[in-house]
Amino acid sequence: MSDIAHHIPEPILAAYAASSLPRVFEVVVATHISMCDSCRGALAAHEALGGTVLEGLAEAPVSDTLLAGVMDRLDHAQPDAAPAPKREGIYPGPVMAALKSRPPRWKSLGFGVKQAILEAGDDGSLRLLHIPPGRAVPDHGHNGLELTLVLQGSFSDETGAFGVGDLEVADGDLEHTPTAGEEAPCICLAATDAPLRFQSFVPRLLQPLFKI
Amino acid sequence: MVITIDPPAAQIAPCLPAAGALVRDERPTVAPKDELSEQTQQMLAVRDRRDKRAFAALFDYYAPRLKGFVMRGGMDAAQAEEVVQEVMLTLWRKADQFDPERAQVSGWIYQITRNRQIDTVRRTARPMPEELREPEGHDPDPGQMLALEQETEELRGALARLKPDQREMIERAYLGELTHQEINTQTGVPLGTIKSRIRLGLERLRHELKELREP
């Protein structure tokens with residue numbers, strides 16, 4: 001747990017606190033924080049700053065009846081309907097929530113690489129990637145932001161080495177070839193706000209098919 | 001109950017400049033606190049004794065601020081009051097989750113409000129980190145609570161000392177009006193100015209969380 005070396009950059013953490021981050025990135029941030037006390041503390045600091053902003057804004061007087069209305073409802077306040085999903089194996093609570101508490105439905109991408117798409121929509125896509133030991137994911141670049149969080153094993157690319165809990169932040173400029181470590185299959189949670197661009201011809205043909 | 005300031009806060013206390021002194025550096029400018037704020041005490045009364053009078057006092061303090069906050073996001077007055085109601089009810093319902101060693105009431109309300117707004121817009125639950133709960137029988141640490149209040153006070157001071165346009169940018173960031181790229185490029189300066197405050201808070205919290213995991 002304490003070996004995490006690659007954390008959430010402050011602007012992304014601030015955007016998460018302010019809920020101005022697309023949902024697919026929120027899942028990755030929430031998952032990293034579930035694994036990382038340092039970022040949990042940093043998030044609390046951002047929320048404290050948000051609270052300070054909230055306290056300092058101009059007040060808007062509320063209607064006279066609002067308090068009475070709330071007081072009347074205190075005794076009938078309902079507890080939360082469903083408790084948040086819990087961690088199962090290598091999948092922390094926020095991943096289990098995105099999986100709707102079901103096991104991932106893996107689909108082959110060829111060469112032993114598998115993916116399970118958790119969400120795909122206009123504001124981006126969220127998927128799990130399964131890369132066999134020592135295998136490389138095809139060279140790809142990005143149109144937008146990509147966050148990749150290691151849940152099992154490790155990978156390394158042109159920018160460094162990433163182990164369990166480490167988060168890689170790739171922006172539009174990075175073209176990289178992540179290669180899984182030899183010790184175990186590497187399982188990652190990855191979110192992008194734009195489709196990936198593959199360099200070689202065949203994966204580009206497959207791209208629409210596999211929604212990557 | 002004797003409440004003492006824990007060592008880190010006590011160590012910085014002797015070099016405090018006079019309260020209200022105009023300084024633009026990173027030194028703390030707020031006198032050390034020796035008791036918890038009214039809001040924290042009221043929230044503890046709600047949590048531990050389900051004290052409705054304390055809840056009404058919290059409502060009086062936060063409801064107009066909350067309404068102002070939500071209306072800045074473009075909501076009309078009626079909708080905003082709807083949100084204020086829901087947030088205050090959540091405060092009552094989830095009071096057992098309030099932990100003054102890890103969050104101030106204002107930061108907690110900020111979080112509840114942002115979650116509430118997102119859930120309403122998306123009609124689906126916002127992705128949240130796993131909860132970290134204190135183990136049963138955990139003794140509250142008044143020193144930690146006071147240190148956190150102190151930190152928040154410093155943060156407020158640091159925010160107040162920013163130039164108006166910088167403060168405006170911070171407000172916009174935490175109101176959710178900026179994307180993470182805009183936070184990166186536009187708020188670079190002010191975020192840098194308050195970074196040491198965030199870092200201090202973070203160090204304390206990290207220490208606290210470590211103890212929580214390794215009792």
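Scroll up for the structure.
Residues numbered from 1 in each chain as written. Chains lettered and ligands numbered in written order. Predicted model: local features only at pLDDT ≥ 70, side-chain atom pairs only at ≥ 80, totals over all residues. Heavy atoms only, no water.

Visitor: What is the right way to look at the overall build of chain B in this model?
Guide: Secondary structure assignment for chain B yields 9 helices and 0 strands. Its helices and strands in sequence order give chain B the pattern α-α-α-α-α-α-α-α-α, from N to C terminus. Looking at the 215 residues of chain B, the share that counts as buried comes to 49%. Sequence-distant contacts in chain B: of pairs separated by 6 or more residues, those separated by 24 or more amount to 67%. A total accessible area of about 10,800 Å² is found for chain B, and carbon and sulfur atoms account for 51% of it. (Helix = DSSP H or I, 4+ residues; strand = E, 2+ residues; numbered from the N terminus. Buried < 20%, exposed > 50% of the residue type's maximum accessible area, 1.4 Å probe, protein only. Contact = heavy atoms within 4.5 Å. Areas by Shrake-Rupley, 256 points an atom, 1.4 Å probe, with all protein chains shown as cover.)

Visitor: Whenever I open this one, the packing of aromatic side chains confuses me. Can you help?
Guide: Pairs of aromatic rings are described using the distance from one ring centre to the other and the angle between the two planes. Within the structure shown, the criterion is met by 5 aromatic pairs over all chains. Relative to A:Phe162, the ring of A:Phe155 has its centre 5.0 Å away and its plane inclined at 20 degrees; by these criteria the two rings are stacked. Considered together, A:Phe155 and A:Phe162 belong to a single accessibility category, that of buried residues. Over the aromatic face of B:Tyr61 sits the side chain of B:Arg65, whose NZ or CZ is 3.9 Å from the ring centroid. (Phe/Tyr/Trp six-rings, centres within 6.5 Å; stacked < 30°, edge-to-face > 60°. Lys NZ or Arg CZ within 6 Å of the ring centre and 35° of its normal.)

Visitor: What exactly am I supposed to notice about the nonpolar core here?
Guide: Where a protein is soluble and globular, its nonpolar side chains tend to be buried together. Counting 88 residues, the largest nonpolar core has A:Val29, A:Leu126, A:Leu128, A:Leu189, B:Met43, B:Met88 and B:Leu91 as its most contacted members. With 9 residues, the single largest contributor to this core is helix H3 (residues 52-72) of chain B. When neighbours within four sequence positions are excluded, A:Leu189 is seen to be in contact with A:Val27, A:Val28, A:Thr31, A:Val95, A:Leu118, A:Leu126, A:Arg127, A:Leu128, A:Leu147, A:Thr148, A:Leu149 and A:Leu151. (Core = buried A, V, L, I, M, F, W, Y, C linked by side-chain atoms within 4.5 Å.)

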